[in-house]
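So you can see what is in the structure, the chains are spelled out below.
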Amino acid sequence: MPQEKKASLVDLDKEPPSQRVARPAQTQKPEGTVSSSRRGFLKDAGGLGIASLLGAAALLTNSDDAQAKMEWAEWFQGNFRLMTDKEKAQAKARLEMRYSNEYGKPVTVDTTPAKEGVLFGYALNIQKCIGCRRCVKACVQENNQSRGDESHKGKEIEWIQVLKMEKGKFTQEKMNKGYPSDTGIQVGGNAYSAAGVTLEGENYYQPEQVPEKDALYMPMACMQCEKPPCVKVCPVRTTYRDPDGIVVIDYNWCIGCKQCIDACPYWARRFNFTTPNLPKEEMNPVTHYLGNRPRMRGVVEKCTWCVQRTRSGRYPACVEVCPVGARKFGNLLDPESEVSRILARKNVFRLKAELNTYPKFFYYFD
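Parameters and conventions
Residues numbered from 1 in each chain as written. Predicted model: local features only at pLDDT ≥ 70, side-chain atom pairs only at ≥ 80, totals over all residues. Heavy atoms only, no water. Salt bridge = Lys/Arg side-chain N within 4 Å of Asp/Glu carboxyl O. Helix = DSSP H or I, 4+ residues; strand = E, 2+ residues; numbered from the N terminus. Buried < 20%, exposed > 50% of the residue type's maximum accessible area, 1.4 Å probe, protein only. Core = buried A, V, L, I, M, F, W, Y, C linked by side-chain atoms within 4.5 Å. Contact = heavy atoms within 4.5 Å. Pairing = 2+ DSSP bridges. Axes fitted to C-alpha atoms, helices over the stretch in contact; angles between N-to-C directions. Expected span 1.5 Å × (residues − 1). Phe/Tyr/Trp six-rings, centres within 6.5 Å; stacked < 30°, edge-to-face > 60°. Lys NZ or Arg CZ within 6 Å of the ring centre and 35° of its normal.

**Student:** When you look at the pattern of salt bridges in this model, what are you seeing that I'm missing?
**Tutor:** One side chain can pair with another of opposite charge once the charged atoms of both are near each other. This structure, assessed with the given rule, holds 14 salt bridges. One salt bridge in this structure joins glutamate 96 and lysine 92, with 3.0 Å as the shortest N-O distance. Highlighted residues: glutamate 96 and lysine 92, both in helix 3 (residues 85–103), separated by four residues, approximately one helical turn. On the basis of relative accessibility, which here comes to 18%, the residue glutamate 96 falls in the buried class. Connected through salt bridges with shared partners, the residues Glu142, Arg309, Arg314 and Glu320 form a single ionic network.

In structure tokens:
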């Protein structure tokens, strides 16, 4: 008798081009857990996971098990850049359904692409910044970042850092306090005096009021570099620069290697060591696939200049909330935009320009 052919769960030769790529390595999960992410598909170093078996059974038997189908489809979801319009629409609908069920409210997942003729840029007046950090809190609320809690189950994540630098001066009294000798041959007595803007500032300050005396502030976030080193080192190309200049991350394809974190000279990327703590009542339901949609454990995230807002003609949340108008945003290709006029008329500098990353985040002063 002829041998019976075994049914294959997936025919790789018939798999769509958007999905025919190398699958990331998997991490072992605790017993009894089911992950909806690419990292949770395999279990115990190579065995088929519960989600995959249920998904395969649901697809092969035309089952109505929506959860099983969703788990299966989530794992085989293609890289966003390589998806067809039809695949993007399916991923959008699937995520909207999952997030809406999870957070108990209607959630939208935008997939609006970059607009032609737009190159976003950002400018910040460091003379005006008062260090209130409203931008930090507004960013957390807008972009569904993980909140800190007393149980420490969720790691608090903030995309914006506001560094406080103290103004200082060199004094005669410190002249003879150097070491190893009285004249301070190796270490001068004024070695540890604060002196203007450095990148050694404090970003967890808790003053009673701001601005503090003899202090100035320097906010930092993703610089959306024109030559981003984070993109160059990503082994799976999950992070990339979109045509409007925003560097984005496809969370479903991030393998958590953290090479982009090491490569970024601006400390702009964050890693989810634990499952993000995002309370249902605080979840922002207006999301973008490449921006503020809920993340999962084991992926990197960062500022996207509120891509869910800016691609719809709105300012980033940090720009809107700034009480002193220190933040400006606009199209660098439009000579009449706020950011273009600042570049043309103000004293502007880029942070760490010597690294040749060419940030589109500019600092200026009057």
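**Student:** Help me out: how do you make sense of the nonpolar core in this one?
**Tutor:** A general trend in soluble globular proteins is that nonpolar side chains are found buried together. Ile160, Tyr289, Trp305 and Tyr363 are the most contacted members of the largest nonpolar core, which has 51 residues in total. Secondary structure elements with two or more residues in this core: helix 3, strand 4 (120–125), helix 4 (134–142), strand 5 (161–166), strand 6 (215–220), helix 8 (317–321) and strand 14 (361–365). Discounting chain neighbours no more than four positions away, the residues touching tryptophan 305 are Phe120, Gly121, Tyr122, Cys222, Met223, Gln224, Ile246, Thr310, Pro316, Phe329, Lys360 and Phe361. Counting 11 residues, the second largest nonpolar core, distinct from the first, contains Cys230, Val247, Cys260 and Val300.

**Student:** When you look at the environment of valine 187 in this model, what are you seeing that I'm missing?
**Tutor:** Looking at the element boundaries, valine 187 is found in the loop between strand 5 and strand 6. Considering only alpha carbons, one finds valine 187 and lysine 177, 10 residues apart in sequence, at a separation of 8.9 Å. Residues within four places of valine 187 in sequence aside, it is in contact with Gly178, Tyr179 and Tyr192.

**Student:** I'm lost on the sheet that holds strand 14 in this one. Help?
**Tutor:** Sheets are built from strands that pair by backbone hydrogen bonding, the pairs being arranged parallel or antiparallel. Read from one edge of the open sheet, four strands run 12-4-14-13, paired in mixed fashion. One side of each edge strand has no neighbouring strand; the edge strands of this open sheet are strand 12 (327–331) and strand 13 (347–349). Neighbouring strand axes in the sheet, compared pairwise and without regard to direction, differ in orientation by 30° on average. Contacts from helix 9 (residues 338–345) reach strand 4, strand 12, strand 13 and strand 14, with the element oriented near 105° to strand 12.

**Student:** Would you take a moment to explain helix 3 for this structure?
**Tutor:** An α-helix turns once per 3.6 residues; consequently, residues spaced three or four apart project the same way. For helix 3, which comprises 19 residues, the first-to-last C-alpha distance of 27 Å matches the rise-based estimate of 27 Å (1.5 Å per residue) to within 8%. Turning to helix 3, its buried residues are Glu87, Ala91, Arg94, Leu95, Glu96, Arg98, Tyr99 and Tyr103. Directly beyond the C-terminal end of helix 3, a positive phi value near 65° is found at glycine 104.

**Student:** Any chance you could explain the pairing of strand 4 here in plain terms?
**Tutor:** Side-chain direction in a regular strand flips from residue to residue, so the side chains alternate between the two faces of the sheet. Judged by how many residues are buried, strand 4 sits mostly within the fold: six of six residues are covered. Side chains Phe120, Tyr122 and Leu124 project from strand 4 onto one buried face, and the interleaved Gly121, Ala123 and Asn125 project onto a second face that is buried too. Note: strand 4 against strand 12, five bridges, orientation antiparallel. If you follow glycine 121 over to strand 12, its bridge partner there is glycine 330. Alignment of strand 4 against strand 14, held across four bridges, turns out to be parallel. Directly across from leucine 124, in strand 14, lies its bridge partner tyrosine 363.

**Student:** Teacher, can you tell me more about the packing of aromatic side chains here?
**Tutor:** Any pair of aromatic rings gets described here by the distance separating the centres and the angle formed by the planes. A complete count under the given rule lists 10 aromatic pairs for this structure. The interplanar angle of 20° and the centroid separation of 4.6 Å between the aromatic rings of phenylalanine 80 and tyrosine 289 together place this pair among those described as stacked. With a gap of 209 residues between them, phenylalanine 80 in the loop between helix 2 (66–75) and helix 3 and tyrosine 289 in the loop between strand 10 (286–288) and strand 11 (300–302) connect regions that are remote in the sequence. Owing to a relative accessible area of 1%, tyrosine 289 belongs among the buried residues under this scheme. A ring pair is formed by tyrosine 122 and tryptophan 305, whose centres lie 5.7 Å apart and whose planes are at 40°; its orientation type is tilted. Separated by 183 residues along the polypeptide, tyrosine 122 in strand 4 and tryptophan 305 in the loop between strand 11 and helix 7 (307–310) bring together distant segments of the chain. Tryptophan 305 shares its class with tyrosine 122; the two are buried. By way of ring pairs, the aromatic residues Phe120, Tyr122, Trp305, Phe329, Phe349, Phe361 and Tyr363 are connected into one cluster. In this structure, arginine 81 packs its charged tip against the face of tyrosine 240, placed 4.1 Å from the ring centre.

The analysis is restricted to geometry; functional conclusions fall outside its scope.
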